[in-house]
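# Survey of secondary and tertiary structure
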Amino acid sequence: MKKLFVVTVLAALAVLSSAAAFAGTYAMEKAGIQFTLPDSWQPADSRLGTMFVSPKGDMVAFFGEVDGEEGLDGAFAVVDEIVAEAMTDVEYEDAKETEINGIPAVTIDGAGKSDGEDAFVSVGVLNGEGDFLGLMVFFGEADAPENNEADVQALLGSLQAVK
């Protein structure tokens, strides 16, 4: 599933870019949020935002922005579009209000299928310092969160609101 999962996602969403275009700190400028991700993750541009593929190819991390006036409904409409490109039969848990490094957020986790195999999705809608909401969407093979735990924790630890 791994190779087919990544190929499916990239074909549906992305035009590959060179890694040099993504050097340094990454930002969701309109949302006023920045973050770092290990260099081992491969960057790609998509028609909906920026995404990265894990070193093992078992997980995709997507980052985007949606106008704050559209609120959570607008954010989750974008999420549904992203997830529908790679997963079916997705069932979400209840949304949770939280903070990530002082940034107000709503998170929601879910599970579904990708190419007939179990898959996961994890969403964060972040209310940074800008007029837009930041989106983080992680999805991939069912065991990918454990396989990439250190990288995801480093990314979450690096999130910060910027003006």
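The following paragraphs examine the structure supplied in this document. The numbering scheme is per chain: residues are counted from 1 as the chain's sequence reads. Only residues with pLDDT of 70 or above have their local features reported here, since the model is predicted, and side-chain atom pairs are shown and tallied only from 80 upward, although totals for entire chains, interfaces and linings are computed over all residues. Where side-chain values are given, they derive from all heavy atoms of the structure, hydrogens and water being excluded.

## Section: the environment of Val78
Condition: The secondary structure listing takes helices from DSSP runs of H or I that are at least 4 residues long and strands from runs of E that are at least 2 residues long, numbered from the N terminus. The criterion used for residue contact is that any of the two residues' heavy atoms lie within 4.5 Å.
Within the secondary structure layout, Val78 lies in helix 2 (residues 71–84). When the C-alpha positions of Val78 and Glu65 are compared, they lie 9.1 Å apart, and in sequence the two are 13 residues distant. In this structure Val78 touches Val66 and Leu135, once residues within four positions along its chain are discounted.

## Notes on helix 4 (residues 149–158)
For the record, the criterion: Residue exposure (1.4 Å probe, protein chains only): buried if accessible area is under 20% of the type maximum, exposed if over 50%, otherwise partly exposed. In this description, one arc is meant: the one made by directions from the helix axis to the C-beta atoms.
Of the residues making up helix 4, those classed as buried are Asp151, Val152, Leu155 and Ser158. Seen end-on, helix 4 carries its buried residues on one side only, within an arc spanning 130°. Relative to its buried face, helix 4 has exposed residues pointing more than 90 degrees away, namely Ala150 and Gly157. Check the buried side of helix 4 and you find it contacts strand 3 (33–35), strand 6 (59–67), strand 11 (132–141) and strand 12 (160–161).

## Re the pairing of strand 5 (residues 50–53)
Going by this rule: The pairing criterion for strands is at least two bridges between them, as found by DSSP.
Two strands pair when backbone bridges link them, and strand 5 and strand 6 are joined in this way by four bridges, in the antiparallel orientation. Counted as the bridge partner of Val53 is Val60 from strand 6. The antiparallel hairpin formed by strand 5 and strand 6 contains five residues in its connecting segment, where Gly57 sits at a positive phi of about 75°.

## Things to note about unusual backbone geometry
Positive phi values are uncommon outside glycine, yet Asp89 reaches one of about 50°. Residue placement: Asp89 occurs in strand 7 (residues 88–92). Since its relative accessible area comes to 62%, Asp89 is described here as exposed. Residues other than glycine seldom take positive phi values, yet Asp115 does so here, at roughly 55°. Here Asp115 lies in the loop between strand 9 (103–114) and strand 10 (117–126). Given the relative accessible area of 41%, Asp115 is considered partly exposed.

## Structural notes on the sheet that holds strand 3
Taken together, the three strands give an open sheet; going across it, the order is 2-3-12, and neighbouring strands pair in antiparallel fashion. Here the strands that pair on one side only, and so sit at the sheet edges, are strand 2 (26–28) and strand 12. Note that strand 2 and strand 3 share three bridges and pair antiparallel. Following the sheet pairing, Met28 is matched in strand 3 by Ile33.

## A closer look at helix 2
Our working rule: Residue count minus one, scaled by 1.5 Å, sets the expected span of a helix.
The end-to-end C-alpha distance of helix 2, which contains 14 residues, comes to 20 Å, matching closely the 20 Å that a straight helix rising 1.5 Å per residue would cover. When helix 2 is considered as a whole, its buried residues turn out to be Gly71, Gly74, Ala75, Val78, Val79, Ile82 and Val83.

## Things to note about the packing of aromatic side chains
Any pair of aromatic rings gets described here by the distance separating the centres and the angle formed by the planes. Heads up, the condition is: Centres within 6.5 Å are what make two rings of Phe, Tyr or Trp a pair, Trp counting through its six-membered ring; a difference in plane orientation under 30 degrees is then read as stacked, over 60 as edge-to-face, and the rest as tilted.
Under the defined criterion, the tally for this structure stands at five aromatic pairs. Measuring from centroid to centroid gives 5.9 Å for Phe52 and Phe63, while their planes differ by 75°, and the two rings are edge-to-face. Of this pair, Phe52 sits in strand 5 while Phe63 sits in strand 6, placing them 11 residues apart in sequence. For the residue pair Phe52 and Phe63, the accessibility class agrees, reading buried in each case. The class of Phe63 is buried, set by a relative accessible area of 4%. An aromatic cluster is defined as three or more aromatic residues linked by ring pairs; in this entry it consists of Tyr26, Phe35, Phe52, Phe63 and Phe138.

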